[in-house]
Amino acid sequence: MSPIVPLRVVLIGFGPVGARFAEEIVPAVASGAIELTVVGAEPGAPYNRVRIAEFAVGRADRDDLDLLDIDALTAAGVLIHANVHAHRIDRSVRIVELGDGTRLPYDRVVLATGARARVPHLDGLERVPCQTPTDAAGDTAHSSVLDGGGALTAGVQVLRDLDDANALRAVVAAGGRVVVLGAGVLGIELALMLAGAAAVPTLAHFGPAPMPRQLDRGAAWVLSASLAAAGVQVVPHTRAEAIVTRVDADGVRRFHALVSSDGRSIEADVLVLSCGVEARTDLATEAGLRADAGILVDHGLRSWSDPNVYAIGDCAHIADPATHLHDKRVPGGPSGLIGPGWRQAEWLARAFVSDVDGALAAPFDDELPAMVVLKSEGVELVSAGEIAPEPFTPAPRGEVAPGVAVWADEEHGAYTKMVTRDGVLTGFVSVGMPRTAAELGVLYARRAELPSDRSLLLRLDSAGEATRSIAGPEATVCVCNAVSAGVIEAAILDGCSSVAEVGRCTRAGTGCGSCRSRIADMIEASGSLETAPA
């Protein structure tokens, strides 16, 4: 009997999505069916980038971010190249060349290269050679390092990795002033965390309201008021145009103020750019792979250009080549959310194992619709689907107007809008009503009908109503990891008595963290909530 020839897989990218792929494929590696080689640009173990802001403000320890045990991977036979970049993919001979000269042969390449922060053009903002100057106190002055080997002017940074987070921690510890440019989910979360950590945050954004793509007018107003109440100075209508710098006694040119087109300036110790992200497609395009908003892959997560190359996570743009092959611009793009990336990684690992076993995997289909979740103590927001319709708006002739139910409590910063068609929830936005939002989230994910009495949902945030659930045990509680209420309840019955223990048993709550309060409610309802923090 001839020996089994393992499938040689090279994984490029060892962030959260790459780590999940590696973790899921370990049994096949241990059995000898697959050889997995991982290439990671950062040193050390992969960590949860979704929680990087929590680490930056001191709300999470470094160990809290770890995703998996590197020793367990290597013991199973996974080969890991850390702190090195993939330099080139030579598809003609199926070789991945690394920056240190190592050549890795492959049968399949999986690209999990993620996304980079988008840096706007601002007069005075420079990309300078990477260096580690010291400030007047003798400490290392951080310059946010960007792809391509350059760094931003000292005092201007993004927040994508541990180095960025460590630099911001020093400012937070000193109670420094921080300007966050950009009022998307990540920018708002960071500003709120900074306020809670006794830093002095200012949130500057273009336009009249934050999160214009995800919020209607009422939700945006309530969120803005909640931000101000939490200690975040919000500066709308900021068309950022330039930065003003000063030269310190140590000779380092450093950020001093952000200047808008109307002449206003905002002085601070640090400027954090939270202006969106873009997929890292450079390695793919240099190898001749087609990309648009991300690396174009089909519903098998296979590149349009090469059947031996796959992409998952924030670098993957899923679209049907049969429909869009000749389109100049392909609709859609990466979701930018951790949950879909993890589900892609899990599906692809299973598909590779099925392929080795001679079976055919069904096409990837993410059944869970995307939801935008803002997680912060004191300000909780969820938005999903159709949120634009307003109540009492007449429908065009021949069309039926959607049902719109709105609850607003201006004094207490609470707002919920529910949009339905034929009774089925097609979109909602909720601010300051976490349990209502959680229930609407599971109903939306199930494409379920709302109860005829919508006030049943609103009452979930009333005293004495915290444990009621309309959606049932099959409803998804943790969207990132697709963990249902029934699975969490089973873990609690098995003895899990804290949110952290439930996470270790089920993975629930280990992604963005927005479901942790609901898991805590479920534990409390069981009577087993530990008094120690989870």
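Being a predicted model, the structure only gives us computed values, none of them experimental.

Draft legend 1. Spotlight on the overall build of the protein chain. On a plain count of helices and strands, the protein chain comes out with 14 helices and 29 strands. For a compact globule of 534 residues, the expected C-alpha radius of gyration is about 24 Å, and the protein chain comes in at 24 Å, within 12% of that figure. Its C-alpha atoms give the protein chain principal-axis dimensions of about 70 × 65 × 55 Å. Looking at the protein chain as a whole, 49% of its 534 residues are labelled buried. A separation threshold of at least 6 residues defines the contact pool for the protein chain, and within that pool the share at least 24 residues apart is 60%. Accessible surface, the protein chain: about 24,500 Å² in total, of which carbon and sulfur atoms supply 51%. On the protein chain, the mean spot of the 45 positive side-chain charges and the mean spot of the 67 negative ones are 4 Å from each other.

Draft legend 2. Structural view of helix α10 (residues 434–445). For α10, spanning twelve residues, the distance from its first C-alpha to its last is 16 Å, which sits close to the expected 16 Å at 1.5 Å a residue. A large share of α10 lies buried, amounting to nine of its twelve residues. Listing the buried residues of α10 in full gives T436, A437, E439, L440, G441, V442, L443, Y444 and A445. Residues of α10 that are buried sit in contact with β24 (381–385), β26 (414–421), β27 (424–431), α11 (455–458), β28 (476–478) and α14 (516–526). Just downstream of α10, R447 is the residue with a positive phi angle, here 55 degrees.

Draft legend 3. Fine view of the side chain of T113. Following the sequence through the fold, T113 ends up in the loop between β7 (108–111) and β8 (115–117). A polar atom in the side chain of T113 sits 2.9 Å from the backbone oxygen of R280. Apart from residues no more than four positions distant in its own chain, T113 is found in contact with I12, R280 and C315.

Draft legend 4. Expanded view of the sheet that holds strand β16 (residues 253–260). Ordered in space as β15-β16-β17, the three strands form an open sheet in which the pairing is antiparallel. Whereas interior strands pair on both sides, the edge strands pair on one side only; in this sheet they are β15 (240–247) and β17 (265–267). Put simply, the sheet's adjacent strands are angled 35 degrees from each other on average, direction ignored. With seven bridges connecting them, β15 and β16 associate as antiparallel partners. Looking across to β16, one finds that A242 is bridged to V259.

Draft legend 5. Inspection of unusual backbone geometry at higher detail. Within the chain, M211 stands out as a residue other than glycine whose phi angle is a positive 45 degrees. Mapped onto the secondary structure, M211 falls in the loop between β13 (200–204) and α6 (217–229). With a relative accessible area of 1%, M211 lands in the buried category.

Draft legend 6. Spotlight on the pairing of strand β1 (residues 7–12). In terms of burial, β1 is a largely internal element, five of the six residues being buried. Here β1 runs beside strand β2 (residues 34–39); their pairing, made up of six bridges, is parallel. Along β2, the bridge assignment pairs L7 with I34. Crossover connection from β1 via helix α1 (residues 16–30) to parallel β2: handedness right-handed. By the bridge criterion, four bridges tie β1 to β7 in an arrangement that is parallel. Note on β7: the bridge partner recorded for V9 is R108.

Draft legend 7. Highlighting helix α12 (residues 485–493). Every buried residue of α12 is listed here: A485, I488, A491 and I492. The buried residues of α12 all sit within an arc of 125 degrees when viewed along its axis, so they share a single face. Looking at the buried residues of α12, the elements they touch are β28, β29 (483–484), α13 (499–506) and α14. Positive backbone phi, approximately 120 degrees, marks G495, located one or two places after α12.

Draft legend 8. Geometry of the environment of M522. You can see M522 is positioned in helix α14. Residue classification places M522 among the buried positions, given a relative accessible area of 14%. Remark: the alpha-carbon pair of M522 and V499, spanning 23 residues in sequence, is separated by 9.6 Å. In contact with M522, other than residues within four places in its own chain, are V477, A485, I488, E489 and I492.

Draft legend 9. Quick look at the sheet that holds strand β21 (residues 309–311). The sheet built from five strands is open, its strands ordered β3-β2-β1-β7-β21 with parallel pairing. Each having just a single partner strand, β3 (79–81) and β21 make up the two edges of the open sheet. With strand direction ignored, the average angle separating the axes of adjacent strands in the sheet is 20 degrees. Contacts between α1 and the sheet are confined to β1, β2 and β7, with β2 contributing the most and set at about 155 degrees to the helix. Along the sheet face, helix α9 (residues 338–356) touches β1, β2, β7 and β21 and points at about 170 degrees away from the line of β7.

Draft legend 10. Local environment of the pairing of strand β12 (residues 177–181). The buried fraction of β12 amounts to four of the five residues, a majority that puts the element mostly inside the structure. The sheet contact formed by β12 and β13 spans five bridges and is parallel. Its bridge partner being in β13, R177 is matched across the sheet by V200. The parallel pair β12 and β13, bridged by helix α5 (residues 185–196), forms a crossover whose chirality is right-handed. Two strands pair when backbone bridges link them, and β12 and strand β18 (residues 270–273) are joined in this way by four bridges, in the parallel orientation.

Draft legend 11. Spotlight on the nonpolar core. Core analysis: the largest hydrophobic core is formed by 73 residues, its most contacted members being F21, L36, V96 and L111. For L111, the residues in contact, after removing those within four places along its chain, are I12, I89, L283, A284, L289, I295, V309, Y310, A311, I312 and C315. Listed in part, the 44 residues of the second largest apolar core include I52, A53, L381 and V431.

Calculation criteria
- Residues numbered from 1 in each chain as written.
- Predicted model: local features only at pLDDT ≥ 70, side-chain atom pairs only at ≥ 80, totals over all residues.
- Heavy atoms only, no water.
- Helix = DSSP H or I, 4+ residues; strand = E, 2+ residues; numbered from the N terminus.
- Rg over C-alpha atoms; globule rule 2.2 N^0.38 Å.
- Buried < 20%, exposed > 50% of the residue type's maximum accessible area, 1.4 Å probe, protein only.
- Contact = heavy atoms within 4.5 Å.
- Areas by Shrake-Rupley, 256 points an atom, 1.4 Å probe, with all protein chains shown as cover.
- Lys, Arg positive; Asp, Glu negative; His and termini not counted.
- Charge placed at Lys NZ, Arg CZ, Asp CG, Glu CD.
- Expected span 1.5 Å × (residues − 1).
- Polar contact = N/O pair within 3.5 Å; in protein donor to acceptor, adjacent residues only side chain to side chain.
- Pairing = 2+ DSSP bridges.
- Axes fitted to C-alpha atoms, helices over the stretch in contact; angles between N-to-C directions.
- Right-handed = clockwise from strand over helix to strand, strands pointing away.
- Arc of directions from axis to C-beta.
- Core = buried A, V, L, I, M, F, W, Y, C linked by side-chain atoms within 4.5 Å.

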